[in-house]
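So the chains spell out like this:
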Amino acid sequence: LSNEKSGGWIFPLLIVELLGISLGAFLAVNSENSGILRKYICPEVYGGAFLQVFLTAFAAYFAYLLLSFFLGLFLFGQGGGVLLLCCLGAEIGCTASHMYMENGTAAIMWIILLYLPTTAVISLIGILSAREVIRNSTALLKSTVSSAEPPSLKSYCLRFILLTVGALLLSALYGLANHFI
């Protein structure tokens, strides 16, 4: 395994998310149920009112972080955290593909100015949350199997609170940018 102090989990998790983005784009383009994907997996959030965009974005980010948080409390939550990150990537790829498929070249402005910056930040938040899931779950497993000290729940909660505050700020910025662009 990688040394957790060196940030060695970041690159493998980035690869997982990029695979998810590729999968989401592929499914959006090649799926017979493209309308269902568009409606439920990657809902349209650009072009709406501030409150609508803010609430839609934050609800999705918060649900992701909440699932990640609970996965980290299980002994074998590592795989679930990685799978959840792949799903986040798939949502990103699906949404970008649908934006382009529905609006053609007119969507390129939305994607470059609004969608790419916000997805870069939410990707970072997703990767950091997956890293925390892996760290905490692995530490729980080690403390169960050996005499290692269990991980600090207070520290784990604080990290996820900070990630949630980041998602809240990102949602607000996304809503404002969407409102003015």
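The structure this text deals with has already been given above.
Residues numbered from 1 in each chain as written. Predicted model: local features only at pLDDT ≥ 70, side-chain atom pairs only at ≥ 80, totals over all residues. Heavy atoms only, no water.

1. What about the overall build of the chain?
The condition that has to hold: Every helix listed is a DSSP run of H or I at least four residues long, and every strand listed is a run of E at least two residues long, numbered separately from the N terminus. Burial classification: accessible surface area is computed with a 1.4 Å probe over protein chains only, and a residue below 20% of its type maximum counts as buried, one above 50% as exposed, and the rest as partly exposed. Working rule for contacts: check all heavy atoms of both residues, and any pair within 4.5 Å makes them a contact.
Helix and strand content of the chain: six helices and zero strands. In the chain, the order of α-helices and β-strands from amino to carboxyl end is α-α-α-α-α-α. Counting across all 181 residues of the chain, residues that qualify as buried make up 39%. Excluding contacts between residues fewer than 6 apart, the proportion of contacts in the chain whose partners are at least 24 apart in sequence is 80%.

2. Description of the nonpolar core
What counts here: Grouping buried Ala, Val, Leu, Ile, Met, Phe, Trp, Tyr and Cys residues that are joined through side-chain atoms within 4.5 Å yields what is termed a nonpolar core.
Core analysis: the largest hydrophobic core is formed by 31 residues, its most contacted members being Leu 65, Leu 85 and Phe 160. Elements with a minimum of two residues in this core: helix 1 (10-30), helix 3 (50-71), helix 4 (78-103), helix 5 (107-145) and helix 6 (153-180). Non-local contacts of Leu 85, meaning those with residues more than four positions away in its chain, are made with Leu 13, Val 16, Glu 17, Tyr 64, Gly 126, Ile 127 and Ala 130.

3. Here we look at the environment of Gly 8
Mapped onto the elements, Gly 8 comes out in the segment before helix 1. The spatial distance from the C-alpha of Gly 8 to the C-alpha of Arg 131 is 9.7 Å, given a sequence separation of 123 residues.

4. With respect to the pattern of salt bridges
Here is the rule we go by: Salt bridges, as used here, are contacts in which a Lys or Arg side-chain nitrogen is within 4 Å of a carboxyl oxygen on Asp or Glu.
Taken as a whole, this structure holds three salt bridges when the rule is applied. The partner of Arg 131 in a salt bridge is Glu 132, and the shortest N-O contact between them spans 3.5 Å. Here the two residues Arg 131 and Glu 132 agree in accessibility, since each one is buried. Of the charged contacts, one joins Glu 132 and Arg 159 as a salt bridge, the two residues approaching to 3.4 Å between their closest N and O atoms. One end of the pair, Glu 132, is in helix 5; the other, Arg 159, is in helix 6, and 27 residues separate them in sequence. On the accessibility criterion, Glu 132 (4% relative accessible area) is buried. Look at Arg 159 and you get partly exposed, because its relative accessible area is 36%. What emerges from the salt-bridge pattern is a single network uniting Arg 131, Glu 132, Arg 135 and Arg 159.

5. Details of the packing of helix 3 against helix 5
Operational definition: Every angle, taken between N-to-C directions, lies between 0 and 180 degrees, and every axis is a line fitted to C-alpha atoms, over only the stretch in contact when it is a helix. When an angle is under 35 degrees it counts as roughly parallel; over 145 it counts as roughly antiparallel; between 65 and 115 it counts as roughly perpendicular; any other value is oblique. In this scheme the crossing of two helices becomes right-handed for a clockwise turn of the near helix relative to the far one and left-handed for an anticlockwise turn of less than a right angle.
For the pair helix 3 and helix 5, the least separation of the axes is 8 Å and the interaxial angle reads 15 degrees. Between helix 3 and helix 5, the angle is such that the two are roughly parallel. In this structure, helix 3 crosses over helix 5, and the sense of that crossing is right-handed. Mapping the contact onto sequence places Tyr 61, Tyr 64, Leu 65, Ser 68 and Leu 71 in helix 3 and Ile 122, Ile 125, Gly 126, Ser 129 and Val 133 in helix 5.

6. A look at a nonpolar patch on the surface
Going by this rule: Within the patch definition used here, like charges are joined within 9 Å and nonpolar side chains (Val, Leu, Ile, Met, Phe, Trp, Tyr) within 5 Å, considering only residues with over 30% relative accessible area and no salt bridge. Only the protein chains shown count as cover for residues, and all accessible areas are computed by the Shrake-Rupley method using a 1.4 Å probe.
A cluster of nonpolar side chains, namely Phe 50, Leu 51, Leu 55, Leu 173, Leu 176 and Phe 180, defines an oily patch on the protein surface of about 620 Å² accessible area. Listing elements by their share of the nonpolar patch, those giving two or more residues are helix 3 and helix 6. Following the sequence through the fold, Phe 180 ends up in helix 6.

Geometric values such as these leave the question of function open.
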